[in-house]
Amino acid sequence: MSNSAKAEAVLALHRFGMGPRPGSIASVGSDPRGALIAELDRPLTLTAAAGLPTSAKAYRTVADANARRTARVKQAQQQAKKQQMAAAPAMSEDQAQGQGQGQTQDKDAAEMAAKQAAEAVPDPGRPMYLQEAKLRTEAALAAEIGFAERLVWFWSNHFCISANKIQSMSGAYEREAVRANALGRFVDLLLAVEGHPAMLFYLDNLESMGANSIAGINRSRGLNENIAREIMELHTLGVRTGYTQDDVISFANVMTGWTLVPPGADPQHGGEFTFNPRLHEPGGQTVLGRRYEQEDAEQGRAVLRDLAAHPATATHVATKLARHFVADEPPPALVEQMAKTFRDTEGDLKQVAIAMVSSDDAWRGPPSKLKRPGEWVVGMVRATGITTVDPVRFTGGQELLGEALWRPSAPKGYPDDEASWIDGVGRRLDIANNFAERITGMADPQIIIEDVFASEIAPEVKQAVGRAESRQQALALLFMSADFQRR
Amino acid sequence: MGLDRHLPTRRELLAGSGALFAWSQMPRIARAEGRDPRLLVVILRGALDGLGAVAPVGDPDWVSLRGDRALLLDGKPPALPLDSFFALNPAMPNLHRLYKSGKAAIVHATATPYRERSHFDGQDVLESGFTRPGATASGWLNRALLAMESGGRVDPRGSRALGIGSVTPLVVRGSAPVMTWVPQKLLPASQDTQNRLLDLYQHTDPKLASVLQARMKLASLDGAMGTGDPMSDDPTLAPPGIARVRAYFAEAAGTAARYLAKPDGPRVGAMGFVGWDTHIAEGASSGQLYNLLGALDGAFAAIESNMGEIWHETVVAVVTEFGRTARINGTQGTDHGTGTVAFLIGGGLAGGRVIADWPGLKSAQLFEDRDLKPTTDLRAVLKGLLRDHLRVEEKILAETVFPGSVDVKPMGGLVG
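Calculation rules
- Within each chain, residue numbers correspond to sequence positions counted from 1 in written order.
- Chains and ligands are labelled sequentially in the order written, the chains with letters from A and the ligands with numbers from 1.
- Reporting of local features is limited, given that this is a predicted model, to residues whose pLDDT is at least 70; pairs of side-chain atoms are given and counted only at 80 or more, and all residues count toward the totals for whole chains, interfaces and linings.
- With hydrogens and water excluded, all non-hydrogen atoms of the structure serve as input to the side-chain values.
- In what follows, residue pairs with any heavy atoms lying within 4.5 Å of each other are defined as contacts.
- Defined here as a combined quantity, buried area equals the accessible surface (1.4 Å probe) lost by two parts on assembly, summed across both.
- Any carboxyl oxygen of Asp or Glu that lies within 4 Å of a side-chain nitrogen of Lys or Arg is treated as forming a salt bridge with it.
- Within 3.5 Å is the distance limit for a polar contact, defined as a pair of N or O atoms, with the added protein rule that one can donate a hydrogen and the other accept it, and that residues adjacent in sequence qualify only through two side-chain atoms.
- Helix and strand definitions follow DSSP, with helices as H or I runs of at least four residues and strands as E runs of at least two, each counted in order from the N terminus.
- Within this scheme, the nonpolar core is defined by two criteria: the residues are buried Ala, Val, Leu, Ile, Met, Phe, Trp, Tyr or Cys, and they are joined through side-chain atoms within 4.5 Å.
- For the exposure calls, accessible area comes from a 1.4 Å probe over protein chains only, and a residue counts as buried if that area is under 20% of its type's maximum, exposed if over 50%, partly exposed in between.

## Quick notes on the interface of chain B and chain A
Listed by partner, the interface residues are 39 residues for chain B and 37 residues for chain A. Buried area between chain B and chain A, both sides added, is near 3100 Å², and the carbon and sulfur share of it is 59%. Inspection of the chain B/chain A interface yields two salt bridges. A salt bridge links R486 of chain A to D205 of chain B, with the shortest nitrogen-to-oxygen separation between them at 2.5 Å. Put simply, chain B and chain A have 12 residue pairs in polar contact (both at pLDDT 80 or more) between them. Those elements that provide at least two residues to the side of chain B that touches chain A are α5 (119–128), α7 (191–204) and α8 (206–225) of chain B.

Here it is in structure tokens:
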């Protein structure tokens, strides 16, 4: 392989993949573009996910634990009350005088009993989250190149939910809605995520009801515009692309009734998507000048299909993808090529990805992107050839770096520009140092430079690594180098 | 901080070593002789400036060699006199006290057989006990333990060596099982690592350089105001000031001592301290080297006090992969050199002396006209300790512990 071919292979692995690992230069071969495209033809299923619960099952499990916890707490409180009564059947005058203090103690005892009862039923959501995190991370470590996994990560962030709100479902959401559609058509991806219970939960649509719906007439609660706004602003058209507040309200009305089966009500289907006509605003709605007369969930699906096909969506998606993979300010020609592919193929996301890596514009620029924390950490682990992770440690590290897995602070997801992440470089150094210490015994910085980078790394880095005072320091410097952090 | 905090949890030990061990099976060494010796090996990673640590103040060429950077008996602060020729860096009052009471010895102008200048390879030779780097995946201390086991000198069941840190030092790795203790507190990237990274960024990525520089500046302001908690668990806080390094050294060494002191604990331990690669602003009487030697001196105090009664059966050997250049370089530091010092401390030591076949400091007397010439093979020192303290047979030392070292005779009389 010539030096320029090696350089392009290394760039391919960093820019479009999860970072090089031992042997990946060879597997990319002399045709990195072809190798990237070929990876898109491999299925994105996670075989190891077979044993994991569906989102609905996860949700039911948590609901069940919550119910048991509440019952136990109630029972403990009642028991504590009973004991108080039994302890003071006939109060003497002295005791009555000291009653105030005694009551406080009793109250403390009751609170303590309640706390203990609550702790006896731990939240099953966290172990689920960690299991899903492990699976996802190990898929990224095992991928030959990781282009397809990067696309899953991209779309998961584009259509983010937050595990702070729905921890139990966060991993299953990604598997069921995002992963299954990340290389399919955008419209199918859109329908899958917006109809997923996790998204409906996250964007507050479960109890949104039309003013004239059966439930709306009977109750004081009403419409929630959140999901309608975020779908148009973040998920499809993009901000300031011509929709109005009236469009948002109409679309919110369209989305009423998109909810989930209450977990307690149905042990088989609790937590699954359902359309509840009692919440749905009756009648037709006008969104972006088009009239939607359907009476059920079809109304929402019709709007989503039209939003997916809107030219603004093609531009929005193409821009975000190019910004994520190529440059904070991506070449306009590249964005236009990708948007055109999106329009021409009716949102075939695989074709859009192929259009990106087939364009010289995606390869020409210098590696200016600062890897996001998750990409960087996975890249570090991949470089050592390690393929399994301790999810507690791993998610903890990502959290420390400001990109907690499935926990963005807003529906916009994590940002993709350098300015948002560069201040975290100091923290990265601490993480790199710590990781380097842990792996000193099994990772050789010189071997990483030669095997994993095919020596395609700045001479200054080679020199700094060669002169380091310990293997740990050498590894930390290597992982912190611009060659490793930028793509 | 309570004692109990330092008891290892099962998880820590498993995470560190991957090897199970049982306290009850911890054997005793040389029990038959009524002795129960302890040996702790401390590796200073980065190559220690032996001349900056123990100065040959009696050498006529000393001052001209180091100029105003030379440690002197009437310097500011004054070096601590050891004998008529050598004086100790003033950062090490504990070591000085131990030396004066015969519980410390210093070997000068010493080196392993390694004569090149790569840290990695130098550490490989130092810890493997082989004459060439990369020759083996086991360390001399581990092979010494194996030899003692097969010789029936120790109970072969269970573990008997202790590694401190999340990576077991090579010196103690091998077939004999090792248990590992990992300090609770993370040691963030050292000042030295940050300096090197900053230098790298300045040559390759100005944006990253300015961010790192700002962080370092903030941290130094924080340290100056004294608001940073040196023992904080939060690795995202300020990078370690010297207070944090001191705390880390003392905790790690003190914990090793506490384990070694247990009646049913391990008898041999190894640990590494980083930060000795002082290319710039070395500062023998204030600065990087002075601070690190002070931290090491604090670790000595922690070991002595935590060993308790067993201190009299203890030997601690402090070694480094090589020394540094005799002359100061253009950035007020020193570069990779050859001859250096080894510190030996412990209640079991016959100390109170500097052991050196002094080579001299004139240009022609320096190794390759740049380093203190090594005149004592460090292996002789280590073999002397292993033979007289742990009672490993000389033949085994020459053949398997330090292969090919028949000609390197163990140094006698180091332990009392």
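## Some details on the nonpolar core
F16, F147, W155, F251 and F479 of chain A are the most contacted members of the largest nonpolar core, which totals 142 residues. F16 of chain A has contacts with L11, L36, G146, F147, R150, F325, V326, M356, V357, A362 and W363 of chain A, leaving out every residue within four places of it along the chain. Within the second largest apolar cluster, 62 residues are counted, among which are A91, A253, I310 and L361 of chain B.

## Structural notes on the pattern of salt bridges
All names here are of chain A. According to the stated counting rule, one finds 45 salt bridges over all chains in the structure shown. Residue E119 pairs with K115 through a salt bridge whose shortest N-O separation is 3.9 Å. Of the two residues, E119 and K115 both sit in helix α6 (residues 99–119), four residues apart, roughly one turn of that helix. Look at E119 and you get exposed, because its relative accessible area is 54%. Look at K115 and you get exposed, because its relative accessible area is 53%. Within this structure, D328, K369, R372, E403 and D416 form a network of salt bridges that share partners.

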